[in-house]
Amino acid sequence: MENGRNGLSAPGLRRLRDVLARHVESGKIPGLVALVGRGEETHVEAIGTMRHDGGAPMRRDTIFRMASTSKPVAMAAAMVLLDECRLRLDDPVDPWLPELADRRVLKRIDGPLDDTVPARRPITVRDLLSSTFGLGMDLTALGSPIMGAIFEQGLTPDLPEPMPGPDEWMRRLGTLPLMHQPGERWQYQISHDVLSVLVARVAGQSFEEFLRERVLDPLGMKDTGFHVPADKIDRLPVLYAPDPQTGQFNVWDEAEGGRWSSPPAFQGSGGGLVSTADDYHAYFRMLLNGGTHGNERILSRPAVELMTTNRLTPEQTAARTALATDNVHLSFGQGQHGGWGFGMAVRTYRGDYAPVGQFGWDGGAGTSTYADPANRLTGILLTQVGMSVPNAAQLIHDFWTTLYQAIDD
């Protein structure tokens, strides 16, 4: 592979492996699978074990909980509906999501839930796609009545209790006021799960069925879904959320009998997918190819361009920028990309080794998935250590820093 025609150098790839192996040898990361794709060349490393105390080795086909890296893939289902004019960007969502009609909006984000004004306009499809519909996970407002209500109603996926089915979930969501006027402010997470319900209702089938039929199956993503069937469960590692004080490996989710061992009541596009490095590579390569996979078109080129171009104004993204730059102890520097498209971050300035235009996202279960059109490059790093401690984020950082040094042309 010495200076192969796709421009990844053999010494650079060796150094990438050495850096990844060092993280595993430190004892902080039990195992990982990393994939680098450039042009026709694919390079994969599987290092370490499925459990922190040993066990089976990591394999190329190990299945990981994709957490928030579900967002870029799940978003494709909504883009299919846009391509087919079954959804329009600026249509109100009320006909399909009557639970979101006639919204009230908090006068101030930390105020009581009944101190509200009417929404200035209906919520649109565009608001949901760009995470600006008015509700979301706001880490700067933890402890406020609205954030308390979101947790109490079980509207987020990371609680001990699983989320209820889509109709009950929407009913509960509909009892809450918005935090901001529709379209005013980017906010994380909740819009993606609302999109799961919207897509299912428009398509007349479950979100997973539609995603599988229109995106996963055509791309050959056979190990991607919302749970791991029994005949594949040995390929799912334990998920750890280490103790922030002691670093002790606390099990957050077992494979057998864990929360991904049976189909969930809610197929959440915000963080519910499991997948493999090769499945995700197929998806991001399709985006780099302008929506095609082999001879088959999955998405139109304009749909891909819409997803992977910054959609946000400085006003909409102010809170996100503040979170990325001021709460480094939470995000460990992740999130300093500048922009956001549909379902993924888009780099609008050069903040590290990756160029402007790179798109993708990271997941709280220790996953990182990005593609870079300028270099025709895909990088995927999957592990089983949650972001309760900085170790997975530091591994992700070193993966990208080293990967970009392996480009040799």
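Parameters at a glance
- Residues numbered from 1 in each chain as written.
- Predicted model: local features only at pLDDT ≥ 70, side-chain atom pairs only at ≥ 80, totals over all residues.
- Heavy atoms only, no water.
- Helix = DSSP H or I, 4+ residues; strand = E, 2+ residues; numbered from the N terminus.
- Rg over C-alpha atoms; globule rule 2.2 N^0.38 Å.
- Buried < 20%, exposed > 50% of the residue type's maximum accessible area, 1.4 Å probe, protein only.
- Contact = heavy atoms within 4.5 Å.
- Areas by Shrake-Rupley, 256 points an atom, 1.4 Å probe, with all protein chains shown as cover.
- Lys, Arg positive; Asp, Glu negative; His and termini not counted.
- Charge placed at Lys NZ, Arg CZ, Asp CG, Glu CD.
- Pairing = 2+ DSSP bridges.
- Phe/Tyr/Trp six-rings, centres within 6.5 Å; stacked < 30°, edge-to-face > 60°.
- Lys NZ or Arg CZ within 6 Å of the ring centre and 35° of its normal.
- Axes fitted to C-alpha atoms, helices over the stretch in contact; angles between N-to-C directions.
- Core = buried A, V, L, I, M, F, W, Y, C linked by side-chain atoms within 4.5 Å.
- Patch = residues over 30% accessible without salt bridge, like charges linked within 9 Å, V, L, I, M, F, W, Y side chains within 5 Å.
- Salt bridge = Lys/Arg side-chain N within 4 Å of Asp/Glu carboxyl O.

As for the overall build of the chain
- Broken down by element type, the chain carries twelve helices and 16 strands.
- The C-alpha radius of gyration of the chain comes to 20 Å, within 12% of the 22 Å expected for a compact globule of 409 residues.
- Taken along its principal axes, the extent of the C-alpha atoms in the chain is 60 × 50 × 45 Å.
- Buried positions account for 57% of the 409 residues belonging to the chain.
- For the chain, contacts bridging at least 24 residues in sequence account for 68% of all contacts bridging at least 6.
- Accessible area for the chain stands at about 16300 Å²; split by element, carbon and sulfur atoms hold 50% of it.
- Of note, the chain has its 39 positive side-chain charges centred 3 Å away from the centre of its 50 negative side-chain charges.

Quick word on the pairing of strand 16 (residues 377-383)
- Burial analysis of strand 16 places seven of its seven residues in the buried class, which makes it a mostly covered element.
- One ladder, built from seven bridges, connects strand 1 (residues 31-38) with strand 16; its direction is antiparallel. Paired with Leu35 across the strands is Ile380, a residue of strand 16.
- Pairing of strand 15 (residues 367-372) with strand 16, which is carried by six bridges, proceeds in the antiparallel orientation. If you follow Ser368 over to strand 16, its bridge partner there is Leu381.
- Here strand 15 hands over to strand 16 after four residues, with Arg376 in that stretch at a positive phi of 50°.

Examining the packing of aromatic side chains
- All chains considered together, the criterion is met by 13 aromatic pairs.
- On the numbers, 4.9 Å between centres and 50° between planes, the contact of Trp169 with Phe266 is tilted. With Trp169 in helix 5 (residues 166-174) and Phe266 in the loop between strand 8 (251-253) and strand 9 (274-275), this pair connects stretches of sequence that are 97 residues apart. Like Phe266, Trp169 is buried.
- When the ring of Tyr283 is compared with that of Phe284, the centres are 5.6 Å apart and the planes differ by 85°; the resulting orientation is edge-to-face. Of the two residues, Tyr283 and Phe284, both sit in the buried class.
- The structure contains a cluster of three or more aromatic residues connected by ring pairs, namely Trp186, Tyr188, Trp340 and Trp361.
- Sitting over the ring of Phe342, Arg311 keeps its end group 5.6 Å from the ring centre.

Topic: the sheet that holds strand 12 (residues 338-340)
- Pairing is antiparallel across the open sheet formed by eight strands, whose spatial order is 3-2-1-16-15-14-13-12. Whereas interior strands pair on both sides, the edge strands pair on one side only; in this sheet they are strand 3 (54-57) and strand 12. Averaged over all neighbouring strand pairs, the angle between strand axes comes to 20°, with direction disregarded.
- The sheet contact formed by strand 12 and strand 13 (residues 345-347) spans three bridges and is antiparallel. In the strand pairing of strand 13, Trp340 is matched with Ala345.
- Across the face of the sheet, helix 10 (residues 314-326) comes into contact with strand 12, strand 13 and strand 14 (359-363) while running at roughly 115° to strand 12.

A short note on the environment of Trp340
- Following the sequence through the fold, Trp340 ends up in strand 12.
- For Trp340, a relative accessible area of 0% translates into the label buried.
- Remark: the alpha-carbon pair of Trp340 and Ile47, spanning 293 residues in sequence, is separated by 32 Å.

Brief notes about the nonpolar core
- Judged by nonpolar contacts, the single largest core of 82 residues is most densely connected at Trp169, Val194, Tyr283, Leu287 and Leu299.
- Among the elements that make up this core, the one with the highest residue count is helix 2 (residues 70-83) (ten residues).
- In contact with Val194, other than residues within four places in its own chain, are Leu97, Leu100, Leu128, Phe133, Trp169, Met170 and Leu173.
- One finds Leu13, Trp186, Trp361 and Tyr370 within the second-largest nonpolar core, a separate group that totals 33 residues.

A short note on a nonpolar patch on the surface
- Side chains of Leu139, Leu142 and Phe151 sit close together on the surface and give an oily, nonpolar patch of about 260 Å² of accessible area.
- By the secondary structure assignment, Leu142 is in the loop between helix 3 (125-129) and helix 4 (145-152).
- Given a relative accessible area of 51%, Leu142 falls into the exposed group.

Considering the pattern of salt bridges
- In the structure shown here, the tally under the stated rule is 24 salt bridges.
- Close ionic contact of Arg120 with Glu184 constitutes a salt bridge, the shortest N to O distance being 3.2 Å. Placement of the pair is Arg120 in the loop between strand 6 (116-118) and helix 3 and Glu184 in the loop between helix 5 and helix 6 (190-203), with a sequence separation of 64 residues.
- The class for Glu184 is partly exposed, based on a relative accessible area of 33%.

As for the pairing of strand 14
- Among the five residues that make up strand 14, five are buried, leaving the element largely enclosed by the rest of the structure.
- The alternating pattern of strand 14 places Phe359, Trp361 and Gly363 and Gly360 and Asp362 on opposite faces, both of which are buried.
- Sheet topology note: the strand 13/strand 14 ladder contains two bridges and is antiparallel. Among the inter-strand pairings, Ala345 is bridged to a residue of strand 14, identified as Gly360.
- Looking at chain direction, strand 14 and strand 15 are connected through five bridges and run antiparallel. Each residue of the ladder has a partner; that of Trp361, found in strand 15, is Thr369.

The values are spatial; any link to function lies outside them.
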